[in-house]
Amino acid sequence: MDFALTDDQRAIQDAARAFADAELAPHSAEWDETKHFPVDVMRRAAETGFAAIYAGEEHGGMALGRVEAAIIFEELSRGDVSTAAFISIHNMATWMIDKFGSDDLRRRYGPSLSSMDLIASYCLTEPGSGSDAAAMRTSATQDGDHWVLNGSKAFISGAGTSDLYVVMARTGEPGPKGISAFVVEKGMPGLSFGAQEKKMGWNSQPTAIVQFDDCRVPAGNLLGKEGDGFRYAMMGLDGGRLNIAACSIGGARLALETAQAYVATRKQFGKALAEFQNTQFKLADMATALEAARLMVLRGAWAIDTNHPEKTKWCAMAKRMATDACFEIADEALQLHGGYGYLKDYPLERIVRDLRVHRILEGTNEIMRVITAREMMRQ
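A quick note: this is a predicted structure, and the numbers were derived from the prediction, not measured.

The rules behind each value
- Residues numbered from 1 in each chain as written.
- Predicted model: local features only at pLDDT ≥ 70, side-chain atom pairs only at ≥ 80, totals over all residues.
- Heavy atoms only, no water.
- 1 Å grid on protein atoms, 1.4 Å probe; cavity = no way out; pocket = protein on both sides within 12 Å on 5 of 7 lines; lining within 4 Å.
- Points joined across faces, edges and corners; volume = space filled by probe spheres on them.
- Helix = DSSP H or I, 4+ residues; strand = E, 2+ residues; numbered from the N terminus.
- Nonpolar A, V, L, I, M, F, W, Y, C, P; charged D, E, K, R; others polar.
- Salt bridge = Lys/Arg side-chain N within 4 Å of Asp/Glu carboxyl O.
- Buried < 20%, exposed > 50% of the residue type's maximum accessible area, 1.4 Å probe, protein only.
- Phe/Tyr/Trp six-rings, centres within 6.5 Å; stacked < 30°, edge-to-face > 60°.
- Lys NZ or Arg CZ within 6 Å of the ring centre and 35° of its normal.
- Patch = residues over 30% accessible without salt bridge, like charges linked within 9 Å, V, L, I, M, F, W, Y side chains within 5 Å.
- Areas by Shrake-Rupley, 256 points an atom, 1.4 Å probe, with all protein chains shown as cover.
- Axes fitted to C-alpha atoms, helices over the stretch in contact; angles between N-to-C directions.
- Contact = heavy atoms within 4.5 Å.

Asker: Explain the layout of surface pockets here, please?
Answerer: To find leftover empty space, a probe the size of one water molecule is rolled over the atoms. As a volume, the largest pocket reaches approximately 1,300 Å³. Contributing elements (two or more residues each) for the lining of the largest pocket: helix H5 (81-100), strand S3 (146-157), helix H7 (229-265), helix H9 (311-336), helix H10 (348-356) and helix H11 (365-378). Considering every element that reaches the lining of the largest pocket, the biggest residue donor is H7, with eight residues. The residue inventory of the lining of the largest pocket, partitioned by class, reads 23 nonpolar, nine polar and 13 charged. Here the second largest pocket is characterised by a volume of approximately 600 Å³. Lining of the second largest pocket is provided by 21 residues; of these, Asp 2, Phe 3, Val 67, Leu 298 and Arg 299 occupy positions nearest its centre. By residue number, the principal contributor to the lining of the second largest pocket is helix H8 (residues 277-305), which donates eight residues. Its residues assigned to classes, the lining of the second largest pocket shows 13 nonpolar, two polar and six charged.

Structure, rendered in structure tokens:
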């Protein structure tokens, strides 16, 4: 058992860290304040390969593993959680097209997704079906050489700006086996978007409802086989959960580093806060939780890379543990700052706001417990 990164992995980590320090961190507060979606910066990230991390090389991907993806997203999110999280969603959608799409879809979309000339969103959640995703009502009916989609998807990151939407819709029987996946282009007749949501965090990316009203999608834009869409969506989410967990680790790491620097200089009762044993214990617990979260995420990533039979369980466990722990680390870091932590002069309140949603999306942490327990019962 070797916990050391390889030379290649360290080089990837260094590249991601340098990009985050130069391109993300200096603008994070401004993007949050102005709700700016930094497409130009994300395209520069794509030049480094970060838009198609685990897509195949044939159409511009890096063909790396999920361990490398976790390393990258931790570093990017230390620069800006919200923007890194969107890049992770784009990667998930890009991988689904590369993994399950026809040769024509892969040729048509792959290179532009890898460069982020085309930006992609993932559309599973609906206004009436969140955790119970298999109960979705968005439908797709075949009409000649087209599928006709009707329904809506909720809380879609990138909605209205993204160029491609990987959409799960019902084509058959109730339940997961009646769901198929489609690639829908912005501009296709019948596709529209709701008003932008007003959110607690994740302000550097747009979020809205995606609406389908007799939206006509070419038959060739069916992703993989009819009826397999839910399986594809869940496979995408195994990796997506690790990506979001890694984004939590990056945000929590910045919070811990900020708190450690602050308590070394902030004085109360005649000495630095760092000299109080209570403060030292808090920092020790935060550092321990951060390291444990990272190890669980890397184990889940290893499980996907090796196609381990328990990969879904380990991904769910890692997502639940890491996103809960990292939110608590950020909250403790804010607490150590006292009233200053509540001000936007420091990054803590932004990190807390951005990390909070990680316990909800890509499957709520309650559903992560359901998945974990279900997989345990099967053994």
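Asker: Would you mind showing me how to read the pattern of salt bridges here?
Answerer: Should their charged atoms come close, side chains of opposite charge can pair. Going through the model one piece at a time under the given rule, you end up with 28 salt bridges. Residue Arg 106 is joined to Glu 58 by a salt bridge in which the shortest nitrogen-to-oxygen separation is 3.1 Å. Separated by 48 residues along the polypeptide, Arg 106 in helix H6 (residues 103-115) and Glu 58 in the loop between helix H3 (39-47) and helix H4 (66-79) bring together distant segments of the chain. A relative accessible area of 15% means that Arg 106 is categorised as buried.

Asker: Just to check I follow, could you spell out the packing of aromatic side chains for this structure?
Answerer: In this description, an aromatic ring pair is defined by two values, namely the gap between the centres and the angle between the planes. All chains considered together, the criterion is met by nine aromatic pairs. Three or more aromatic residues joined by ring pairs form one cluster here, namely Trp 95, Phe 100 and Tyr 232. Here the basic side chain of Lys 271 rests over the ring of Phe 276, its NZ or CZ set 4.6 Å away from the ring centre. The ring of Trp 314 is capped by Arg 299, whose NZ or CZ atom sits 3.7 Å from the centre of that ring.

Asker: What's the story with a nonpolar patch on the surface in this structure? I'm lost.
Answerer: A cluster of nonpolar side chains, contributed by Met 1, Phe 3 and Leu 295, occupies part of the molecular surface with about 430 Å² of accessible area. Looking at Leu 295, the relative accessible area reads 38%, which means it is partly exposed.

Asker: Hey, could you run me through the packing of H4 against H8 in this one?
Answerer: Angle between the axes and distance between the axes are the two parameters that describe a pair of packed helices. Between H4 and H8, whose axes approach to 7 Å, the crossing angle comes to 145°. Between H4 and H8, the residues in contact are Arg 66, Val 67, Ala 70 and Glu 74 and Arg 294, Val 297, Leu 298, Ala 301, Trp 302, Ile 304 and Asp 305, respectively. Partitioned by chemical class, the residues of the contact of H4 with H8 number seven nonpolar, no polar and four charged.

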